[in-house]
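Per-entry structural report
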Amino acid sequence: MTSGRRAVVVTHTRLRESGTVVSEAVDQLRGAGFDVSIIDNVAAPEFAEPVTQIDDDTEIVVVLGGDGTILRAAELVHSSKVPILGVNLGHVGFLAEFESFQMADAIRRVADHDYSIDERMIAHVDVWLPGVSEPLSDWALNDITLERSDRGKMVELSISVDDVEMSSFGCDGVIVSTPTGSTAYAFSAGGPIIWPNVEALQLVPLAAHALFARPLVIGSGSSFTMTILDNSTSDGWICCDGRRQRALPKGTRVVVRESQCRLRLARLSGVPFTQRLVTKFDLPVVGWREHGHARQSQNTANAGNIIDTKEDTR
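An account of the accompanying structure is given in this report.

Analysis parameters
Residues numbered from 1 in each chain as written. Predicted model: local features only at pLDDT ≥ 70, side-chain atom pairs only at ≥ 80, totals over all residues. Heavy atoms only, no water. Helix = DSSP H or I, 4+ residues; strand = E, 2+ residues; numbered from the N terminus. Buried < 20%, exposed > 50% of the residue type's maximum accessible area, 1.4 Å probe, protein only. Areas by Shrake-Rupley, 256 points an atom, 1.4 Å probe, with all protein chains shown as cover. Contact = heavy atoms within 4.5 Å. Salt bridge = Lys/Arg side-chain N within 4 Å of Asp/Glu carboxyl O. Core = buried A, V, L, I, M, F, W, Y, C linked by side-chain atoms within 4.5 Å. Polar contact = N/O pair within 3.5 Å; in protein donor to acceptor, adjacent residues only side chain to side chain. Pairing = 2+ DSSP bridges. Phe/Tyr/Trp six-rings, centres within 6.5 Å; stacked < 30°, edge-to-face > 60°. Axes fitted to C-alpha atoms, helices over the stretch in contact; angles between N-to-C directions.

A count of helices and strands for the protein gives seven helices and 17 strands. In terms of overall dimensions, the protein has C-alpha extents of about 95 × 65 × 35 Å along its principal axes. Across the 314 residues that make up the protein, the buried fraction comes to 45%. Carbon and sulfur atoms make up 50% of the accessible area of the protein, which amounts to about 15800 Å² in all.

Summarising the element assignment, T13 is placed in helix α1 (residues 13-18). Here the alpha-carbon distance between T13 and V42, two residues 29 residues apart in the chain, equals 9.8 Å. Excluding residues within four positions of it along the chain, T13 makes contact with D40 and N41.

A separate point is the pattern of salt bridges. Applying the stated criterion across every chain yields a total of 21 salt bridges. Of the charged contacts in the structure, one is a salt bridge between E97 and R276, with a shortest N-O distance of 3.1 Å. Taken together, the positions of E97 in the loop between β4 (84-88) and β5 (98-99) and R276 in helix α6 (residues 273-281) put the pair 179 residues apart, joining distant regions of the chain. By relative accessible area, E97 is classed as buried at 10%. The class of R276 is buried, set by a relative accessible area of 10%. Of the charged contacts in the structure, one is a salt bridge between E99 and K280, with a shortest N-O distance of 2.9 Å. Taken as a pair, E99 in strand β5 and K280 in helix α6 lie far apart in primary sequence, 181 residues in all. The network of salt bridges with common partners includes E97, D118, R120, R267 and R276.

Core analysis: the biggest nonpolar cluster contains 30 residues, and V125, V174, F224, M226, V254 and V256 have the highest contact counts within it. Those residues in contact with V254, other than ones at most four positions away along the chain, are V125, D126, V127, L146, F224, T225, M226, I238 and L248. A7, L15, V26 and M103 belong to the second-largest nonpolar core, a separate cluster that totals 22 residues.

So, about the side chain of T69. Following the sequence through the fold, T69 ends up in helix α3 (residues 67-77). Given a relative accessible area of 2%, T69 falls into the buried group. Within polar-contact distance, the side chain of T69 engages the side chain of R72 at 3.1 Å. Setting aside its immediate chain neighbours within four residues, T69 contacts V10, T11, H12, V63 and L64.

Below, the discussion takes up the environment of G90. Mapped onto the fold, G90 is located in the loop between β4 and β5. Classification of G90 as partly exposed rests on a relative accessible area of 38%. When sequence neighbours within four positions are dropped, the list of residues in contact with G90 reads G65 and G66.

Burial runs high along β4: five of the five residues are buried. Residues I84, G86 and N88 of β4 are buried on one face, and the alternating residues L85 and V87, pointing to the opposite face, are buried as well. With five bridges connecting them, strand β3 (residues 58-65) and β4 associate as parallel partners. Across the sheet, residue V63 finds its bridge partner in β4, namely G86.

Under the defined criterion, the tally for this structure stands at four aromatic pairs. Ring geometry for F94 against F281: centres 5.3 Å apart, planes inclined by 55 degrees, an arrangement best described as tilted. On the criterion of sequence distance, the pair formed by F94 in the loop between β4 and β5 and F281 in helix α6 is long-range, its members being 187 residues apart. Among the residues examined, F94 registers a relative accessible area of 8% and is labelled buried.

For strand β9 (residues 155-161) and strand β10 (residues 164-171), the ladder comprises seven bridges, and the chain directions are antiparallel. Bridge pairing links L157 to F169 in β10. Linkage of β9 to β10, two consecutive antiparallel strands, is achieved through a turn of two residues, within which D162 is found at a positive phi near 55 degrees.

This part covers the sheet that holds strand β15 (residues 236-240). Two pairing modes exist for strands in a sheet, parallel and antiparallel, and in both the strands are linked by backbone hydrogen bonds. Reading across the sheet, the six strands line up as β13-β12-β11-β8-β15-β16 and stay open at both edges, with antiparallel pairing between neighbours. With one partner strand each, in any of the chains shown, β13 (216-219) and β16 (244-248) form the two edges of the open sheet. Along the sheet, successive strands turn relative to each other by an average axial angle of 15 degrees, direction set aside. By the bridge criterion, four bridges tie strand β12 (residues 200-206) to β13 in an arrangement that is antiparallel. When the sheet's bridge partners are listed, L203 is paired in β13 with L216.

Now the structure itself:
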């Protein structure tokens, strides 16, 4: 007889076929009393198309992989209250809570309900195509990118905040990210890191041909509007979380704001975000000046030891 507790494991076919980690995790979950189903190779849906989601009575989704796998799993639980627990089998694994060697402890904690919930802000996007009265709507946990579709040209954009035009320029594109996505593509493009408990959105221009094209950060009640100008030399291309995407013609208006939905991440430790940041990015917490002082002190101490040794041999 089963306990009625349901868990879903989201992973890659490659991981299932290349080792025993996935099968061991499934066995441990079943041993802890869960009915387990496995989902792998979650294909990217079309932009603005509904995604088949997991059953509402699912207790938890365990993700075995990297941050990309967590983004795929987020599509399965979007607009639901089912939490995600990430076990890192990828590279950085910024969203993951555990590493693979901690699997048994993670599953034991899940079985005992020994975890807290970290709710993450999600961005909502409305795309208004020229001449269309209803928008195409989608969302992103990490980021929404609006880029040029012609790689040899620039896309000309007008940027507004709360319906007030702030700037216009030609560029490779712009990134609008949530605090969760601030450590991903936006960070690589020169945007600031935003702590997850800050309710904000940021916009980072990509290779903008303008004197003033710096990252912008707005509060949760505000919105960004990006319009592809009619005289743009390239059409646009939009992509949510690196997955759901489509081409956009000139004249398209893209509005990004805070979503009413939240993603629920299961947290099993009290490690603060700052510590996660230092660990995952391997930040040099000791600067080069401190290293220099330390080397100078060590050299002085070594010199003193040499002098003492010479005096002892006289």
